[in-house]
Amino acid sequence: MSSETGVQPIRVVAAAVVDDLEHPTRLLAARRTEPPALAGGWELPGGKVDPGESPIEALHREIREELGVAVRLGEVIAAEGGDGSWPLGERYRMDVWLAVVTEGDPQPIEDHDELRWLEVGQLYAVGWLPADLPVVALLERRMVGAARKP
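On a predicted model such as this, the values are computed, not experimentally measured, just so you know. (Residues numbered from 1 in each chain as written. Predicted model: local features only at pLDDT ≥ 70, side-chain atom pairs only at ≥ 80, totals over all residues. Heavy atoms only, no water.)

Turning to unusual backbone geometry, a few remarks are in order. Following E34, the chain continues to P35 via a peptide bond in cis, the omega torsion being -10°. Within the secondary structure, P35 sits in the loop between β2 (26–32) and β3 (42–43). (Helix = DSSP H or I, 4+ residues; strand = E, 2+ residues; numbered from the N terminus.)

Right under this line is the structure:
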């Protein structure tokens, strides 16, 4: 529970969809269409965990609904400190996994109007939503490090 408000945060899940789990060189960005306050901003696809659903079940469901694909999950991309989840404002906490598409071709089916594969040197070519920026920065460090390994 949040010590400041006494309210349990709402769990959100997201996938950092990459081209390769071990040596990623590209990251998929999705441009939101709603709600109006977030429309036009770029994010990692995902959404809220429904009651009775595990975070992993929620992530697979969200990626199917939003992008029309199946994914294999890799490691959790954890925030430093705390429980490893990323803050999304005051009420939400986001858990992020690396993911690779195993079935289908990502399409902007729900909540998005455009998708872009970004190379490591282009990660900031889109206007990421502020809450996703620290995740992208961590992914950038990992992608650059992976590119240096033989």
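Below, the discussion takes up the nonpolar core. Within the largest apolar cluster, 26 residues are counted, with the highest numbers of intra-cluster contacts made by L27, V96 and W128. Listed by contribution, the elements that provide at least two residues to this core are β1 (10–17), β2, β6 (86–88), β7 (92–103) and α2 (133–148). No other element matches the five residues that α2 contributes to this core. In contact with V96, other than residues within four places in its own chain, are A14, A16, L44, E75, V76, I77, W86 and V135. One finds A30, V49, L67 and V71 within the second-largest nonpolar core, a separate group that totals 15 residues. (Core = buried A, V, L, I, M, F, W, Y, C linked by side-chain atoms within 4.5 Å. Buried < 20%, exposed > 50% of the residue type's maximum accessible area, 1.4 Å probe, protein only. Contact = heavy atoms within 4.5 Å.)

For the rest of this paragraph, the subject is the packing of aromatic side chains. This model, assessed by the stated rule, comprises zero aromatic pairs. Across from the ring centre of W117, 4.4 Å away, lies the NZ or CZ of R26, which sits over that ring. (Phe/Tyr/Trp six-rings, centres within 6.5 Å; stacked < 30°, edge-to-face > 60°. Lys NZ or Arg CZ within 6 Å of the ring centre and 35° of its normal.)

By secondary structure assignment, the location of E66 is in helix α1 (residues 55–67). For E66, the side chain forms a polar contact with the main-chain nitrogen of G46, separated by 3.1 Å. (Polar contact = N/O pair within 3.5 Å; in protein donor to acceptor, adjacent residues only side chain to side chain.)

Another aspect to go through is α1. For α1, with 13 residues, the first-to-last C-alpha span of 18 Å sits near the 18 Å given by 1.5 Å per residue. Along α1, the residues that are buried comprise A58, L59, R61, E62, I63, E66 and L67. Against β1, β2, β4 (46–48), β5 (70–76), β7 and β8 (112–119) lie the buried residues of α1. Among the residues trailing α1, G68 stands out with phi positive, at a value near 70°. (Expected span 1.5 Å × (residues − 1).)

Time to look at the layout of surface pockets. Reported here for the largest pocket is a volume of approximately 510 Å³. Looking at the largest pocket, it is lined by 21 residues, and the ones nearest its centre are V12, R32, L38, E43 and L88. Every element with two or more residues in the lining of the largest pocket is listed here: β1, β4, α1 and β7. Its residues placed into classes, the lining of the largest pocket shows 10 nonpolar, two polar and nine charged. (1 Å grid on protein atoms, 1.4 Å probe; cavity = no way out; pocket = protein on both sides within 12 Å on 5 of 7 lines; lining within 4 Å. Points joined across faces, edges and corners; volume = space filled by probe spheres on them. Nonpolar A, V, L, I, M, F, W, Y, C, P; charged D, E, K, R; others polar.)

Glancing now at the sheet that holds β2. The sheet built from three strands is open, its strands ordered β3-β2-β8 with antiparallel pairing. Edge strands, defined here as strands with exactly one partner in the open sheet, are β3 and β8. Of the strand pairs in this sheet, β2 and β8 are connected by seven bridges, and their pairing is antiparallel. By the bridge assignment for β8, L28 is matched with W117. (Pairing = 2+ DSSP bridges.)

A separate point is the environment of R31. Among the secondary structure elements, R31 is positioned in strand β2. Taking the C-alpha atoms as reference points, R31 and G82, separated by 51 residues in sequence, lie 29 Å from one another. The contact partners of R31, leaving out residues within four places of it in the chain, are G40, G41, W42, D111, H112, D113 and E114. Looking at R31, its side chain comes within polar contact range of the side chain of D113, at 2.8 Å.

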